Amino acid sequence: MMSKLRPQSSATNPGTNMTDSKYFTTTKKGEIFELKAELNSDKKEKKKEAVKKVIASMTVGKDVSALFPDVVNCMQTDNLELKKLVYLYLMNYAKSQPDMAIMAVNTFVKDCEDPNPLIRALAVRTMGCIRVDKITEYLCEPLRKCLKDEDPYVRKTAAVCVAKLHDINAQLVEDQGFLDTLKDLISDSNPMVVANAVAALSEIAESHPSSNLLDLNPQSINKLLTALNECTEWGQIFILDCLANYMPKDDREAQSICERVTPRLSHANSAVVLSAVKVLMKFMEMLSKDLDYYSTLLKKLAPPLVTLLSAEPELQYVALRNINLIVQKRPEILKHEMKVFFVKYNDPIYVKLEKLDIMIRLASQANIAQVLAELKEYATEVDVDFVRKAVRAIGRCAIKVEQSAERCVSTLLDLIQTKVNYVVQEAIVVIKDIFRKYPNKYESVIATLCENLDSLDEPEARAAMIWIVGEYAERIDNADELLESFLEGFHDESTQVQLQLLTAIVKLFLKKPTETQELVQQVLSLATQDSDNPDLRDRGYIYWRLLSTDPVAAKEVVLAEKPLISEETDLIEPTLLDELICYIGTLASVYHKPPSAFVEGSRGVVHKSLPPRTGSSESAESPETAPTGAPPSEQPAVIPAQGDLLGDLLNLDLGPPVSGPPLTTAPVQMGAVDLLGGGLDSLMGGANFAAPPAGTMPANLGAPLGGGLGDLFDLAGGVGTLSGSYVAPKAVWLPAMKAKGLEISGTFSRQVGSISMDLLLTNKALQVMSDFAIQFNRNSFGLAPAAPLQVHAPLSPNQTVEISLPLNTVGSVMKMDPLNNLQVAVKNNIDVFYFSTLYPLHILFVEDGKMERQMFLATWKDIPNENEAQFQIKDCPLNAEAVSSKLQGSNIFTIAKRNVEGQDMLYQSLKLTNGIWVLAELRVQPGNPTFTLSLKCRAPEVSQHVYQAYETILKN
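Bear in mind the structure is a predicted one, so any value in this text is a computation, not a measurement. (Residues numbered from 1 in each chain as written. Predicted model: local features only at pLDDT ≥ 70, side-chain atom pairs only at ≥ 80, totals over all residues. Heavy atoms only, no water.)

A. Examining the overall build of the chain more closely. On a plain count of helices and strands, the chain comes out with 37 helices and 15 strands. The proportion of buried residues among the 956 residues of the chain is 52%. In the chain, 69% of the contacts between residues at least 6 apart in sequence involve partners at least 24 apart. (Helix = DSSP H or I, 4+ residues; strand = E, 2+ residues; numbered from the N terminus. Buried < 20%, exposed > 50% of the residue type's maximum accessible area, 1.4 Å probe, protein only. Contact = heavy atoms within 4.5 Å.)

B. Seen up close, unusual backbone geometry. Note that the residue after Asp-817, namely Pro-818, is joined by a cis bond; omega there is -5 degrees. As for its position among the elements, Pro-818 is in the loop between β8 (800-808) and β9 (821-827). We note that Lys-740 has phi near 50 degrees; this positive angle belongs to a residue other than glycine. Classification of Lys-740 by relative accessible area gives partly exposed; the value is 49%. Even without being glycine, Val-752 reaches a positive phi, approximately 40 degrees. Checked against the element boundaries, Val-752 lands in the loop between β4 (742-751) and β5 (754-763).

C. Fine view of helix α37 (residues 943-955). Across its 13 residues, α37 extends 18 Å between first and last C-alpha, which sits within 8% of the 18 Å expected from 1.5 Å per residue. For α37, the tally of buried residues reaches ten of 13 residues, placing the bulk of the element in the interior. Along α37, the residues that are buried comprise Ser-943, His-945, Val-946, Tyr-947, Ala-949, Tyr-950, Glu-951, Thr-952, Ile-953 and Leu-954. (Expected span 1.5 Å × (residues − 1).)

D. Broad picture of the environment of Glu-868. Relative to the helices and strands, Glu-868 is located in strand β11 (residues 868-873). In this structure, the C-alpha to C-alpha distance between Glu-868 and Arg-938, residues 70 residues apart in sequence, is 9.3 Å. Apart from residues lying up to four places away in sequence, Glu-868 is in contact with Trp-860, Ser-934, Leu-935 and Lys-936.

E. Main features of the sheet that holds β9. Spatial strand order, β6-β9-β10: three strands in an open sheet with antiparallel pairing. In this open sheet, the two edge strands, each paired with only one partner strand, are β6 (773-776) and β10 (832-838). For this sheet, the mean inter-axis angle between neighbouring strands, taken without regard to orientation, is 25 degrees. Bridging between β9 and β10 involves seven bridges; their strand directions are antiparallel. The residue of β10 that forms the bridge with Lys-827 is Val-832. (Pairing = 2+ DSSP bridges. Axes fitted to C-alpha atoms, helices over the stretch in contact; angles between N-to-C directions.)

F. Main features of the nonpolar core. Ranked by size, the top nonpolar core spans 214 residues in total, and within it Tyr-89, Leu-143, Val-261 and Phe-435 carry the most contacts. In this view, Val-261 contacts Leu-225, Leu-228, Leu-240, Leu-243, Ala-276, Val-279 and Leu-280; residues no more than four positions away in its chain are not counted. Counting residues in hydrophobic clusters, the runner-up holds 62 residues, among them Trp-733, Phe-781, Leu-841 and Val-924. (Core = buried A, V, L, I, M, F, W, Y, C linked by side-chain atoms within 4.5 Å.)

G. Focus on the sheet that holds strand β13 (residues 903-911). Strand order in the open sheet made by the five strands is β11-β15-β14-β13-β12, with antiparallel pairing throughout. The open sheet has two free edges, formed respectively by β11 and β12 (893-900), since each of these has just one partner strand. This sheet shows a mean twist of 20 degrees between the axes of neighbouring strands, independent of strand direction. Sheet topology note: the strand β14 (residues 917-924)/strand β15 (residues 931-937) ladder contains six bridges and is antiparallel.

H. Structural detail: the state of the cysteines. In total, this model carries zero disulfides according to the counting rule given. For the unlinked cysteine Cys-408, the closest cysteine sulfur is that of Cys-397, found at 5.7 Å. (Disulfide = S-S within 2.5 Å.)

I. Looking closely at the environment of Glu-852. Checked against the element boundaries, Glu-852 lands in the loop between β10 and α35 (853-862). Taking C-alpha positions, Glu-852 is 7.5 Å from Ile-895, a pair spaced 43 residues apart along the chain.

J. Quick look at helix α9 (residues 117-129). If you check α9, its first and last C-alpha atoms are 19 Å apart, about what 13 residues at 1.5 Å a residue would give, namely 18 Å. Along α9, the positions that sit buried rather than exposed are Ile-119, Arg-120, Ala-121, Leu-122, Ala-123, Val-124, Thr-126, Met-127 and Gly-128. In this structure, the buried residues of α9 make contact with α6 (80-93), α8 (105-111), α10 (133-147) and α11 (152-168). Taking the backbone nitrogen of Leu-118 as reference, a side-chain oxygen 2.9 Å away marks Asn-116 as the first, capping residue of α9. (Polar contact = N/O pair within 3.5 Å; in protein donor to acceptor, adjacent residues only side chain to side chain.)

K. Summary view of the packing of aromatic side chains. Here the structure, examined in full by the defined rule, presents 13 aromatic pairs. A centroid spacing of 5.8 Å and a plane angle of 45 degrees characterise the contact between Phe-68 and Tyr-89, whose relative ring orientation is tilted. One end of the pair, Phe-68, is in helix α5 (residues 68-73); the other, Tyr-89, is in helix α6, with 21 residues separating them in the sequence. Note on accessibility: Phe-68 and Tyr-89 belong to one class, buried. Following the ring pairs from residue to residue traces out a cluster consisting of Trp-733, Phe-748, Phe-835 and Tyr-839. One residue, Lys-352, lies across the ring of Phe-386, its end atom 5.2 Å from the ring centre. (Phe/Tyr/Trp six-rings, centres within 6.5 Å; stacked < 30°, edge-to-face > 60°. Lys NZ or Arg CZ within 6 Å of the ring centre and 35° of its normal.)

L. Just the pairing of β14, in detail. Along β14, seven of the eight residues are buried, which leaves the element largely enclosed by surrounding structure. Here β14 folds back onto β15 in antiparallel fashion, the turn holding six residues, of which Gly-927 has a positive phi close to 85 degrees.

M. Here's a closer look at the pairing of β4. Most of β4 is tucked away, with ten of its ten residues classed as buried. Burial of β4 is two-sided: the residues Leu-742, Ile-744, Gly-746, Phe-748 and Arg-750 facing one way and the residues Glu-743, Ser-745, Thr-747, Ser-749 and Gln-751 facing the other way are all buried. With three bridges connecting them, strand β3 (residues 731-734) and β4 associate as antiparallel partners. Bridging across to β4, Val-732 finds its partner in Ser-745. As paired elements, β4 and β5 share ten bridges and run antiparallel to each other. Residue Thr-747 lies in a different strand from β5, and its bridge partner there is Asp-758. Hairpin connection from β4 to β5: two residues lie between these consecutive antiparallel strands, with Val-752 at a positive phi of about 40 degrees.

Dropping the structure here:
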């Protein structure tokens, strides 16, 4: 069939034997039956022809598995060609016919002892490719023999087979001791065996990062380096990659390895060159820069990298991506080689862009004249992407090499005069950066830029131009007209332009307040009232507030000195760069991403890092993350005060809330403990105390809990003591007049470990309300809705609905002022409404807050005295027993009770959802309605709110 489709195939591909095409031509019906007969023929030639036909059918996708027993019978032959064909068939069908494949095991065992080493190796190679679990145990004996075979060809094949077997059944390989045999092969006399053993061990080590398989030491490294000179190119790559994972004990050893690896730089295969470069780049870290050898090595690294650029474009691209990393790490290697990175007219675009990037990285005072001349020429090319990048490159040169800034600016002005639209736009974008780098130097060009205002249609260029007009408004007479012209189509602009325009007009207003008042009001109302972009609204409200409350502060904020921009903004972050240097010559170095970013699953991804520099005490690891107990001053700034609600609620996307993980396993989120100023008591086992296993959510989430009562101060129950929990009446949180007719009253309650917000929604408007959703702002304890706000039917006018919204404490944390402030946004089909309320702290008292006595004593002593706070609870006519049981209903547990001089002293403990403990001493004097409460806590700002909780619980 194939010959009919492609009659020329045999002629065009001289590797195909003229006669082989005939195996693909037959389309007869009884083909399988005929082949069966031929396979069982006595004539050797006929057998071979038949097997060839079977393989041909298999290749074009026909199912010839029915012939399995007949083909396997042909295995017993001395003819190498026939054997290869049968083994090929076997590899293909063993998986689908595991029971049949066992028939072939005997032949494998026999072939592994064949006098011909080629047959022994063929048998062992095929064994490794048959991925059938049943067969693997039969293969251990033959494999063990082949690993110790006298012929190196057989040993090198067996080494790779161990890695394949490990992939199928790792335990078996370890039990059989094959890994130790592989390690012994590293000392083999034959370089190819060494290379394959290294390749197999590296492969196995990748899937088991923790195992120390490649236990490299100076002796084994020496053996690898000896084998390196005599291997095939693939062998050299395996050995070099293995060397790159070795950590020399000192700089002398690093130098001697570098000396022996350097000759590989002149290899013809680019993969070998890059692997050698990787080893050298890694070990150079350990060499001191004042060594003569260090500078020799730098000189030796340049020519091979330059040579890679004379290969075909695809290889050039890979080389350039690697060179990009090398230049960022050690620019001195290629600093004299600028010319090879000049673009040729016939380079593909991907090579051109990559070369441009490296040219800028190598630009310096010495070569800037050459570079600029080149870039100016590139800017007149026809390829739009390339021209854009060239114009941008001119700007980057100006920022990088100060002496060239003036020439760069005049070059950019010449390009703007060409009036080519995309050139002008790129030029304006980079001139904005030049202004940022060299303030008060080149502002004379602003007039030229303003002439091109009308031609700008790309968001980035428009935004850059608006920035320039706003920043230098005092130098531009008609700045207000220019900005007003942009304002006309405000809603059609992209976000980037809208944000820039808002800022620019505010700057203009602060510089010329009298003539631009209308303009600023117009932009603020466009940004806050007519826009649905949260970023824009946020910025609008901030400016509005700044301008209305304190214009002087606004001036200081908006017109503050800007920091100069850095030279190269697109450098790879140093720790990532160090990791990528360890992956030179692999896909990671082309993507410029660590393998963990694109390799699926964790297999084979080990984080690598460069060895520490000589003489430096710092470790190669990344610095430890900062300790969690940061002082409160470092916490994020507090959202605007109570009643000032447009904090970052405006940033929230009011979809249904994402319910956090089930409450049962809520570890303290992001060191939530410390947001309140002090870690947990050291006695309590460090700052990662897990929150209590709170009871699971009640099943009827939608139904009101606790009879729908409740309020700001709620007190739902301790362990199962629902009857004793006090819930105050609901209070109005959002009056109808502020929310277009929607009135919301509510309270909070805690029932058997579940916190809920009990709401009453009333529709006092004349239209139906629907599509309700709720979202909380970040708050001190991470309170968040654990389910969407479910209003099952639309709310008709004058109708009221009761809802109990389950809450969890796994939301984002941010310290609020006051601490128990909760800012809420509620959305319906009419609008989004914001309100804030204070939740009582006792909804956060958890059920396992009873501390051991000894622990209580030790902790009380351990907390400094300045953290103790005293409060008076007046008009409370209860006795100590009643007080104790009432408080226990709200998870405040009495640990001990003493009577001192006629006073009852109750020692109590409670624990908050984020793991903070509060210890209390309550003095109750019979007949005296005033109690004295002393509280100790590592986060003293909690004490005031705990005292309020005590008052509420005891008085209701």
